[in-house]
Amino acid sequence: IAGITQAPTSQILAAGRRMTLRCTQDMRHNAMYWYRQDLGLGLRLIHYSNTAGTTGKGEVPDGYSVSRANTDDFPLTLASAVPSQTSVYFCASSDLPHPPVHEQFFGPGTRLTVL
Amino acid sequence: GIQVEQSPPDLILQEGANSTLRCNFSDSVNNLQWFHQNPWGQLINLFYIPSGTKQNGRLSATTVATERYSLLYISSSQTTDSGVYFCAVTGANSKLTFGKGITLSVRP
């Protein structure tokens, strides 16, 4: 069982380019999440999806979009990348989206640099 | 939203020493997790512990939900314990909120 996979592992991107970070889980979890991790700020929620077909905004959603066409996949798209989006991006999943919220599991992360 | 504070921010230990990491939170929580982020950046689940006490080998954790804090104990520390330890909680908004982490360095 792979758990959660993310691709690419790392990417250097020119400002203004479009980029999609991929996330796939094989645990049949209902809920999926995208976080960014920045030095001194910890992890912050970008977008989430409680179940296939639904998405919601987290703490820092601007400049990002997501879709949830099926249970397993939750891609994160940067329509026009900017240098402030340089970060490490983590995808996560959990088996229940609502209280009592169950344990979240994290992917290995994608390191993105926008020049 | 809910505030999560971890202390101390940095900790340096000699191999074999014990340590206690603290997580305070500002409101009632439905979920509390401890993670270890290793030097390669991987986030490893340590404990899912909204209340009570759990133990896993040299690690144990206690959450006192009524007093809004959780403690992570590391006994007989090893160099492989180095990294950043995060506490994360879910409050009324059902979203996981992370503390800023505690950086632990264990020296041989």
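For the structure itself, consult the block above.
On a predicted model such as this, the values are computed, not experimentally measured, just so you know.

Colleague: Can you walk me through the overall build of chain A in this structure?
Modeller: Along the backbone of chain A there are zero helices and eleven strands. Reading the secondary structure of chain A in the N-to-C direction produces β-β-β-β-β-β-β-β-β-β-β. Taken against the 2.2 N^0.38 rule, which gives 13 Å for 115 residues, the C-alpha radius of gyration of chain A at 13 Å falls within 12% of a compact globule. Referenced to the eigenvectors of the C-alpha coordinate spread, the extents of chain A come out at roughly 40 × 25 × 25 Å. When the 115 residues of chain A are sorted by exposure, 48% land in the buried category.

Colleague: Could you clarify how one ought to interpret the state of the cysteines in this entry?
Modeller: Chemically, a disulfide is nothing more than a covalent bond linking the sulfur atoms of two cysteines. A full pass over the atoms with the stated rule returns two disulfides over all chains. Between the sulfur atoms of Cys23(A) and its disulfide partner Cys91(A) the distance amounts to 1.9 Å. Torsion about the S-S bond of the Cys23(A) and Cys91(A) cystine: about -70°, corresponding to left-handed handedness. In this pair, Cys23(A) is assigned in strand E3 (residues 19–25) and Cys91(A) in strand E9 (residues 87–94), connecting sequence segments 68 residues apart. This pair shows no difference in class: Cys23(A) is buried, exactly as Cys91(A) is. Each disulfide pairs two cysteine sulfurs, and for Cys23(B) the partner residue is Cys87(B), the sulfurs being separated by 2.0 Å. The sign of the S-S torsion, about -60°, decides the handedness of the disulfide formed by Cys23(B) and Cys87(B): left-handed. Residue Cys23(B) is located in strand E3 (residues 19–25), and its partner Cys87(B) is located in strand E9 (residues 83–90); the two are separated by 64 residues in the primary sequence.

Colleague: What am I meant to see in the interface of chain A and chain B here?
Modeller: Interface size is commonly expressed as the accessible surface area that is lost when the partners come together. Taken together, the contacts link 16 residues of chain A with 17 residues of chain B. Taken together, the two surfaces of chain A and chain B that pack against each other cover about 1600 Å², and 59% of this comes from carbon and sulfur. The tally of links between chain A and chain B comes to four residue pairs in polar contact (both at pLDDT 80 or more). Listing elements by their share of the side of chain A that touches chain B, those giving two or more residues are strand E4 (31–38), strand E5 (42–49) and strand E10 (105–106) of chain A. Of all the elements, E5(A) adds the most residues to the side of chain A that touches chain B, at four residues. Classifying every residue of the side of chain A that touches chain B by side-chain character gives ten nonpolar, five polar and one charged.

About the cut-offs
Residues numbered from 1 in each chain as written. Chains lettered and ligands numbered in written order. Predicted model: local features only at pLDDT ≥ 70, side-chain atom pairs only at ≥ 80, totals over all residues. Heavy atoms only, no water. Helix = DSSP H or I, 4+ residues; strand = E, 2+ residues; numbered from the N terminus. Rg over C-alpha atoms; globule rule 2.2 N^0.38 Å. Buried < 20%, exposed > 50% of the residue type's maximum accessible area, 1.4 Å probe, protein only. Disulfide = S-S within 2.5 Å. Contact = heavy atoms within 4.5 Å. Buried area = accessible area lost by both parts, 1.4 Å probe. Polar contact = N/O pair within 3.5 Å; in protein donor to acceptor, adjacent residues only side chain to side chain. Nonpolar A, V, L, I, M, F, W, Y, C, P; charged D, E, K, R; others polar.

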